[in-house]
Amino acid sequence: MIYIYNDYGGTHTTSLAAAYHLKELQSNKPLTTEDILSVRYFNKLNTSDMGKIIFHGIDEDGDSVYTIGRGNSKVLVPSLKNLSLLLQEKFNSNEKIIFSNTSPTVPLSMTIGGLLSRRLKIDSLGVPLLVKGAKQAQGEIIRLVHHTKEKAHSTQEKVLVLENTHIQ
């Protein structure tokens with residue numbers, strides 16, 4: 001199975017979701033600033049990285065975990081779904097691909113922090129807001145990852161797109 005967590009920038013909630021998925025972060029304890037800032041790719045990607053599928057690791061079930069920033073595009077994930085189905089058919093693959101949208105977990109403080117830090121390069125203001133947002137979103141991100149894994153194991157679909165609008 002392949003998991004691809006996605007949102008606007010692909011560097012904040014997606015990186016945290018991948019870290020929880022891979023058990024790099026513990027879901028049974030509050031996040032510290034150090035935990036957050038040590039997550040691979042957290043607040044490290046730029047606009048030029050949008051659209052790149054970034055590998056984060058292999059989970060305990062042997063499944064691959066990736067992230068992608070989709071920017072403002074409403075067609076990127078549907079296009080990737082169609083491409084995935086085409087390639088599965090062409091190469092007779094049965095490996096499930098799960099696209100999970102982390103956007104519903106993004107609090108306002110993280111949106112503003114990301115804008116200040118990534119776009120305006122004002123880390124002194126943006127990073128504290130990102131850390132605050134990550135701490136606020138922790139429970140929702142953990143629920144999203146759990147929901148994603150649960151749906152992945154229970155679906156018969158070859159490619160599943162989870163919008164996660166119920167997570168908030």
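Summarised in this report is the structure supplied together with it. Source: prediction; values computed, not measured.

Contact geometry of helix α1 (residues 13-21) with helix α5 (residues 123-154) gives a least axis separation of 9 Å together with a crossing angle of 55°. Classified by the interaxial angle, the pair formed by α1 and α5 is oblique. Crossing geometry of α1 relative to α5 is assigned as right-handed. The segment α1 lies against α5, with T13, L16, A17, Y20 and H21 engaging A134, Q138, I141, I142, V145 and K149. Residue composition of the contact of α1 with α5, by class: seven nonpolar, three polar and one charged.

Here the focus is the nonpolar core. Core analysis: the biggest nonpolar cluster contains 29 residues, and Y5, L16, L25, F42, I98 and I141 have the highest contact counts within it. Sorting the residues of this core by element identifies β1 (2-7), α1, α5 and β5 (159-162) as the ones contributing at least two each. Here the element with the most residues in this core is α5; it accounts for nine residues. If we skip the residues at most four places from it in the chain, L25 touches L16, A19, Y20, L31, D35 and V39. Of all hydrophobic cores here, the second largest spans eight residues; its members include I2, V77, I97 and F99.

With that settled, the discussion passes to helix α3 (residues 76-90). The terminal C-alpha atoms of α3, which comprises 15 residues, lie 21 Å apart, in line with the 21 Å expected from a rise of 1.5 Å per residue. When we look at burial in α3, the residues that qualify are V77, L80, S84 and Q88. Down the axis of α3, the buried set is contained in an arc of 70°. They therefore lie on one face. Away from its buried face by more than 90 degrees, α3 exposes N82, L86, E89 and K90. Looking at the packing, one finds that the buried side of α3 touches β1, β3 (64-69), β4 (97-101) and β5.

Glancing now at the environment of L129. Tracing the backbone shows L129 in helix α5. Between the alpha carbons of L129 and N92 there is a distance of 46 Å; along the sequence they are 37 residues apart. Those residues in contact with L129 that lie beyond four places of it in its chain are S109, M110, I112, G113 and L116.

The next point concerns the pattern of salt bridges. Counted according to the given criterion, the structure contains five salt bridges. For the salt bridge of E60 with K23, the shortest nitrogen-to-oxygen distance reads 3.9 Å. Of this pair, E60 sits in the loop between β2 (54-58) and β3 while K23 is found in the loop between α1 and α2 (33-38), placing the two residues 37 residues apart along the sequence. A residue is classified by how much of its surface remains accessible, and K23, at 57% relative accessible area, is exposed. Between E60 and K149 there is a salt bridge whose closest N-O contact spans 3.3 Å. With E60 in the loop between β2 and β3 and K149 in helix α5, this residue pair connects regions lying 89 residues apart in the sequence. Three or more residues are tied together by salt bridges with common partners; here these are K23, E60 and K149.

Conventions adopted
- Residues numbered from 1 in each chain as written.
- Predicted model: local features only at pLDDT ≥ 70, side-chain atom pairs only at ≥ 80, totals over all residues.
- Heavy atoms only, no water.
- Axes fitted to C-alpha atoms, helices over the stretch in contact; angles between N-to-C directions.
- Helix = DSSP H or I, 4+ residues; strand = E, 2+ residues; numbered from the N terminus.
- Parallel < 35°, antiparallel > 145°, perpendicular 65-115°, else oblique.
- Left-handed = near helix turned anticlockwise from the far one by under 90°.
- Contact = heavy atoms within 4.5 Å.
- Nonpolar A, V, L, I, M, F, W, Y, C, P; charged D, E, K, R; others polar.
- Core = buried A, V, L, I, M, F, W, Y, C linked by side-chain atoms within 4.5 Å.
- Buried < 20%, exposed > 50% of the residue type's maximum accessible area, 1.4 Å probe, protein only.
- Expected span 1.5 Å × (residues − 1).
- Arc of directions from axis to C-beta.
- Salt bridge = Lys/Arg side-chain N within 4 Å of Asp/Glu carboxyl O.

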